[in-house]
Amino acid sequence: MQQSKTPLRSICIVGGGSSGWMTAIYLNRVFNGDRVANGSSEVAPNIEIRLVESEDIAIIGVGEATVHSIRFFFAAMGLDEAELMRETNATFKTGIMFRNWRKPVNGQTHQYFHPFDHLKLGMDMDISSSWLQDARYTLERFDQGVSLSSHLIAAGRSPKTPQSEAYQGVVPYGYHLDAVKMARFLRRKAIEAGVIHQVATVKDVVVAAGNISEIVTDQGNFTADIFIDSTGFRGLLLDALKADNWQSFTDALPCNKAVAIQRELPAPPKPYTTATALSHGWVWEIDLADRQGTGYVYDGEKLSKEQAEQELRSYLGSDAAVLKCTHLDMKVGCRKEFWVGNCIAVGLAGGFIEPLESTGLHLINLGARLLSTHLAGEQQSQAVRDSYNRLMNGFYTDLKQFIVLHYCLTDRDDSEFWRAAAEKAQYCEGLPAQLACWQHKVCEYMDLAGTFSTTFTDENYRFVLYGMGHYPQLQRRFTTPQYESLFAKVQQQAKHAELSTIPLATYLQRYR
Ligand SMILES: Cc1cc2nc3c(=O)[nH]c(=O)nc-3n(C[C@H](O)[C@H](O)[C@H](O)COP(=O)(O)OP(=O)(O)OC[C@H]3O[C@@H](n4cnc5c(N)ncnc54)[C@H](O)[C@@H]3O)c2cc1C
């Protein structure tokens with residue numbers, strides 16, 4: 001494999017879905033930023049960035065919920081938040097409500113909320129240990145004890161106050177946004193910033209000495225120093241460079257199909273995603289400003305397409321005003337090597353893990369940010385590729401474990417799917433031992449230190465562990481517990497947050 005010694009002059013991205021355009025805008029801003037900031041796209045860029053997309057191959061058109069840190073990536077891309085909200089019919093999201101992931105509790109559907117915020121009100125001990133010591137799980141959900149978002153959603157408030165700046169709120173928040181509108185919006189912003197847009201379909205990929213020398217399209221051939229494969233599940237550029245380059249996660253995560261239904265909003269938009277477990281998977285509900293996206297992610301070995309669609313439709317109810325129904329195949333896993341020769345796969349071409357924690361766009365963020373640092377050197381060496389591959393592999397492997405955590409603590413036994421779900425921890429190295437340990441001690445920061453889990457830390461783990469009833473059995477060994485004042489403070493802060501924030505419906509009016 002050749003080691004490029006010439007400075008990086010050109011990048012060609014193939015694919016015009018979220019991954020292609022997000023990567024294009026970000027890299028363009030990092031490498032050619034001054035030119036754009038000065039509004040002088042006439043000045044030659046440091047690095048020419050071209051994006052090739054086919055008008056005959058549609059984008060996947062799902063991927064409408066995000067994690068909260070995507071705000072910082074959008075800000076780093078130079079996007080104006082109000083414009084983004086308006087152009088993509090977006091709403092705010094402060095967490096995910098999980099329903100039905102365990103058997104009903106006291107006749108009620110099991111439910112817990114995984115918010116983006118976790119209070120840190122240090123007194124004698126951290127607040128989550130206090131919550132356990134006080135045995136508050138007999139009274140309330142964990143999120144109600146330690147998260148402000150939990151109170152804000154109950155009160156129908158947005159995460160914003162009248163004074164909140166762009167991308168700021170009283171609690172962290174992400175978005176629900178229209179995927180197709182998002183791709184169009186990003187395309188416009190990228191072209192305005194000087195990214196070259198080429199509508200063409202790649203017919204062949206020419207490889208020489210372990211690198212892509214050119215791509216052959218129906219509009220001519222294109223060369224570049226670096227190629228980015230954002231062709232979605234096709235992954236056609238990276239596949240041309242290396243065979244046997246895929247690691248499947250289907251042993252741990254068997255859901256390999258989805259049926260997506262867009263419908264009219266059944267009620268005013270909620271500032272959270274809902275993930276309701278059904279017979280062989282789960283359903284997402286994502287409220288945009290003008291419609292709702294739903295979809296059943298299921299195990300296609302156990303359920304036919306027709307059965308899945310039927311189950312989703314009956315879950316939504318006969319009065320659901322359906323706008324569109326689409327069936328999707330999902331390739332679950334990731335590349336062994338995301339970066340081979342002069343080509344890097346970003347987005348679905350690099351890997352995919354079911355969207356239970358809305359991480360697709362986040363993984364693009366991680367991939368693009370790492371690319372900017374890994375491409376900044378004078379030449380691309382194998383050491384740089386190895387570093388990128390090690391980090392991206394780590395992110396996917398850690399995410400796989402976090403998603404498995406949602407399944408393996410279930411007590412549901414009403415289908416083969418759920419009986420098998422309880423056994424899935426074995427496919428994540430070290431997880432069974434950690435789960436055993438977390439029956440006797442809290443899950444804390446150091447338990448996950450040394451992993452790549454920058455996205456989901458001990459705080460996130462606790463929401464799922466306690467949401468699924470996996471509480472450690474602790475003795476009352478702390479000396480001066482002041483639970484009452486601690487949790488009174490939570491109530492006080494929640495009230496204050498509620499009074500200072502704008503109702504969601506009112507806030508969304510700003511973007512109409
Ligand atoms: C069921 C499901 C639900 C999801 N939900 C979420 C979610 O809630 N949140 C989240 O963050 N992520 C989610 N994701 C992931 C998210 O959809 C993707 O990460 C995101 O849309 C990026 O897709 P992409 O750009 O990699 O691929 P695509 O959108 O598939 O785009 C591929 C592009 O490649 C182009 N292309 C393909 N072949 C050629 C060719 N030969 N020549 C030229 N161009 C070509 C196409 O024209 C297209 O422009 C979900 C994914 C699935 C499957």
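Residues numbered from 1 in each chain as written. Predicted model: local features only at pLDDT ≥ 70, side-chain atom pairs only at ≥ 80, totals over all residues.

1. A few points about the overall build of the protein
Of the regular secondary structure elements, the protein holds 17 helices and 21 strands. Relative to its length of 512 residues, the protein is compact, with a C-alpha radius of gyration of 23 Å against a globular reference of 24 Å. Projected onto the principal axes, the alpha-carbon positions of the protein cover approximately 70 × 50 × 50 Å. Here the protein, with 512 residues, has 47% of them falling under the buried criterion. Considering only intrachain contacts with a sequence separation of at least 6, the fraction spanning at least 24 residues in the protein is 76%. (Helix = DSSP H or I, 4+ residues; strand = E, 2+ residues; numbered from the N terminus. Rg over C-alpha atoms; globule rule 2.2 N^0.38 Å. Buried ≥ 20, exposed ≤ 12 C-beta atoms within 10 Å, placed from the backbone. Contact = placed C-beta atoms within 7 Å.)

2. A short note on the nonpolar core
Ala-24, Ile-25, Phe-227 and Val-404 are the most contacted members of the largest nonpolar core, which totals 145 residues. With eleven residues, helix H11 (residues 382-408) is the largest single contributor of residues to this core. Of the domains in this structure, domain 1 (10-90 + 176-249 + 335-399) and domain 2 (124-170 + 400-500) are the two that each give at least three residues to this core. If we ignore the near neighbours within four places in the chain, the residues touching Val-404 are Ala-252, Leu-253, Lys-424, Ala-425, Tyr-427, Cys-428 and Leu-431. (Core = buried A, V, L, I, M, F, W, Y, C linked by C-beta atoms within 7 Å. Domains from an automatic or database assignment.)

3. A short note on the domain arrangement of the protein
For the protein, the assigned domains read domain 1 (10-90 + 176-249 + 335-399) and domain 2 (124-170 + 400-500). Taken together, the contact between domain 1 and domain 2 spans 19 residues of the former and eleven residues of the latter. Elements that contribute at least two residues to the side of domain 1 that touches domain 2 include exactly helix H2 (70-76), helix H3 (81-87) and H11. If you tally residues by element for the side of domain 1 that touches domain 2, the top one is H11, at seven residues. A per-class count over the side of domain 1 that touches domain 2 returns ten nonpolar, four polar and five charged. (Nonpolar A, V, L, I, M, F, W, Y, C, P; charged D, E, K, R; others polar.)

4. Let's talk about the sheet that holds strand S19 (residues 339-340)
The six strands are arranged S7-S2-S1-S11-S20-S19 in an open sheet whose pairing can be described as mixed. In this open sheet, the two strands that pair with only one neighbour each are strand S7 (196-199) and S19. Relative to S7, strand S2 (residues 48-53) is paired through four bridges, and the arrangement is parallel. From the neighbouring strand, Arg-50 faces S7, where its bridge partner is Ile-196. (Pairing = 2+ DSSP bridges.)

5. Quick look at the pairing of strand S14 (residues 273-277)
Of the two faces of S14, the one lined by Thr-273, Ala-275 and Ala-277 is fully buried and the one lined by Thr-274 and Thr-276 carries no buried residue. Bridge count for strand S4 (residues 95-99) against S14 is four bridges, and the pairing is parallel. Its bridge partner lying in S14, Ile-96 is registered against Thr-273. Direction of pairing for S14 relative to strand S15 (residues 281-287): antiparallel, over a ladder of four bridges. By the bridge assignment, Thr-276 is partnered in S15 with Val-283.

6. Digging into the environment of Tyr-466
Counting through the fold element by element, Tyr-466 comes out in helix H15 (residues 458-467). Considered as a pair, Tyr-466 and Ala-383 are 83 residues apart in the sequence and their alpha carbons are 41 Å apart. Beyond its immediate sequence surroundings of up to four residues, Tyr-466 is in contact with Tyr-137, Phe-142 and Tyr-471.

7. Brief notes about unusual backbone geometry
Of note in the backbone geometry, Asn-89 takes a positive phi value of approximately 50° without being a glycine. Unusually for a residue other than glycine, Ala-209 sits at a positive phi of about 50°. Under the C-beta neighbour-count criterion, Ala-209 is labelled exposed, with 8 such atoms within 10 Å.

8. Details of the pairing of strand S13 (residues 257-263)
Where burial is concerned, most of S13 is hidden: six out of the seven residues are buried. Alignment of S13 against strand S17 (residues 322-329), held across seven bridges, turns out to be antiparallel. Each residue of the ladder has a partner; that of Ala-260, found in S17, is Thr-326.

9. Here we look at the packing of helix H10 (residues 360-374) against H11
Following both chains from N to C, one finds H10 and H11 inclined at 160°, their axes separated by 11 Å at the closest point. Considering their axes alone, H10 and H11 lie roughly antiparallel with respect to each other. Seen from above, H10 lies across H11 with right-handed handedness. Contacts between H10 and H11 involve Leu-363, Leu-366, Gly-367, Leu-370 and His-374 from the first element and Val-384, Ser-387, Tyr-388, Leu-391, Met-392 and Phe-395 from the second. (Axes fitted to C-alpha atoms, helices over the stretch in contact; angles between N-to-C directions. Parallel < 35°, antiparallel > 145°, perpendicular 65-115°, else oblique. Left-handed = near helix turned anticlockwise from the far one by under 90°.)

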